[in-house]
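Here is how the chains run, residue by residue.
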Amino acid sequence: MDGYLHATDPDRFTTLHEAADHVLDELTERYQVERRETKEARGHGDALVRTVRLIPRIPSAAPMAIYFTDPGLHLHFGRWWRETLPECGCDSCDEDPKLLSEQLRDHTAALTEGGLWERVRRGLSGSWYETRLIGTGVKADREGPLSTAGARDARRGGFAAPVQWAPWQVRT
């Protein structure tokens, strides 16, 4: 928090950790995925945090990772989808942990149903990624710049054309 924002009860978001654990357990039980739990830093110089990755057994389905941070969660879907719950933990924003838990469920459901779409676009000023998540109660877009090496790597990985990730396979 910067000097102007104040969080009197950041612990109110611990329910998000519980909701994420429940969602991860349900997904692991329902779908053919490999579950990996580690401690990782989200970025250079960041503290190590508990990280859970679910990697579908079929490579055409998008993987997901959840970073358990303070005060909430960082979601990584596919190659570029990134989301922070809550976006801000301050009292002024007053994000509701119950609504954020529902958002977590809706977004993971959209992912597992094959609702994640990603691609690289080229322009005169460089390349950028576009990603879209669509599902019941979810229709969201993200985009951002890519380095030259990142764009080249993505195109080699098949992202020059739009990629719609496949639905996850249900356990039999």
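Just above sits the structure.
To start, this report covers the structure provided alongside it. (Residues numbered from 1 in each chain as written. Predicted model: local features only at pLDDT ≥ 70, side-chain atom pairs only at ≥ 80, totals over all residues. Heavy atoms only, no water.)

### A closer look at the pattern of salt bridges
Next up, step 1: Using the criterion set out here, one finds twelve salt bridges in the structure.
Next up, step 2: The partner of glutamate 26 in a salt bridge is arginine 105, with the nearest N and O atoms 3.0 Å apart. Of the two residues, glutamate 26 sits in helix 1 (residues 14–30) while arginine 105 sits in helix 2 (residues 97–112), which places them 79 residues apart along the sequence.
Next up, step 3: Taking the shortest distance from any N to any O, the salt bridge between glutamate 37 and arginine 35 comes out at 3.1 Å.
Next up, step 4: Its relative accessible area of 46% is what places glutamate 37 among the partly exposed residues.
Next up, step 5: Through salt bridges that share partners, Asp21, Asp25, Arg35, Glu37 and Arg50 make up one connected network. (Salt bridge = Lys/Arg side-chain N within 4 Å of Asp/Glu carboxyl O. Helix = DSSP H or I, 4+ residues; strand = E, 2+ residues; numbered from the N terminus. Buried < 20%, exposed > 50% of the residue type's maximum accessible area, 1.4 Å probe, protein only.)

### As for the packing of aromatic side chains
Next up, step 1: Counted according to the given criterion, the structure contains four aromatic pairs.
Next up, step 2: Between the aromatic rings of tryptophan 80 and phenylalanine 159, the centroid separation amounts to 5.1 Å while the plane-to-plane angle is 70°, which identifies the pairing as edge-to-face. Of this pair, tryptophan 80 sits in the loop between strand 4 (73–77) and strand 5 (81–85) while phenylalanine 159 is found in helix 3 (residues 148–159), placing the two residues 79 residues apart along the sequence. Just as tryptophan 80 is buried, phenylalanine 159 falls in that class too.
Next up, step 3: Three or more aromatic residues joined by ring pairs form one cluster here, namely Trp80, Tyr129, Phe159 and Trp165.
Next up, step 4: Lying across the ring of phenylalanine 68, arginine 50 places its NZ or CZ 4.2 Å from the centre.
Next up, step 5: Its end group placed over the ring of tryptophan 81, arginine 142 keeps NZ or CZ at 4.2 Å from the ring centre. (Phe/Tyr/Trp six-rings, centres within 6.5 Å; stacked < 30°, edge-to-face > 60°. Lys NZ or Arg CZ within 6 Å of the ring centre and 35° of its normal.)

### Structural notes on unusual backbone geometry
Next up, step 1: Geometrically, the link from leucine 85 to proline 86 is a cis peptide bond, its omega value of -5° lying close to zero.
Next up, step 2: Locating proline 86 in the fold gives a position in the loop between strand 5 and helix 2.

### Structural notes on the sheet that holds strand 6 (residues 116–123)
Next up, step 1: On the basis of which strands lie adjacent, the open sheet formed by four strands has the order 8-7-6-9 and antiparallel pairing. At either end of the open sheet lies a strand with only one pairing partner, and these are strand 8 (138–146) and strand 9 (163–164).
Next up, step 2: Summarising the sheet, strand 6 and strand 9 pair through two bridges and their orientation is antiparallel. Residue pairing for strand 9: glutamate 118 is matched across the bridge by valine 163.
Next up, step 3: Strand contacts of helix 2: strand 6, strand 7 (126–135) and strand 8, with the helix running at about 105° to strand 7, the strand carrying the most contacts.
Next up, step 4: Taken strand by strand, helix 3 contacts strand 6, strand 7, strand 8 and strand 9, and its axis lies near 130° from that of strand 6. (Pairing = 2+ DSSP bridges. Contact = heavy atoms within 4.5 Å. Axes fitted to C-alpha atoms, helices over the stretch in contact; angles between N-to-C directions.)

### Focus on the pairing of strand 3 (residues 64–68)
Next up, step 1: Of all five residues making up strand 3, five are buried, and the element is well covered by its neighbours.
Next up, step 2: When strand 2 (residues 48–56) meets strand 3, the two strands line up antiparallel, connected through five bridges. Paired with threonine 51 across the bridge in strand 3 is tyrosine 67.

### Digging into the nonpolar core
Next up, step 1: Ranked by size, the top nonpolar core spans 39 residues in total, and within it Met64, Ile66, Leu73, Phe77, Leu104, Leu116 and Trp168 carry the most contacts.
Next up, step 2: Of the residues forming this core, the biggest block, six residues, is contributed by helix 1.
Next up, step 3: The residues contacting leucine 73, other than those within four sequence positions of it, are Leu16, His17, Ala20, Ile66, Tyr67, Phe68, Glu83, Thr84, Leu85 and Leu104. (Core = buried A, V, L, I, M, F, W, Y, C linked by side-chain atoms within 4.5 Å.)

### A word on the environment of proline 56
Next up, step 1: Its location among the elements puts proline 56 in strand 2.
Next up, step 2: Along the sequence, proline 56 and glutamine 32 sit 24 residues apart, while their C-alpha atoms lie 6.0 Å from each other.
Next up, step 3: Excluding residues that lie within four positions of it along the chain, proline 56 makes contacts with Gln32, Val33, Ala61, Ala62, Pro63 and Trp168.

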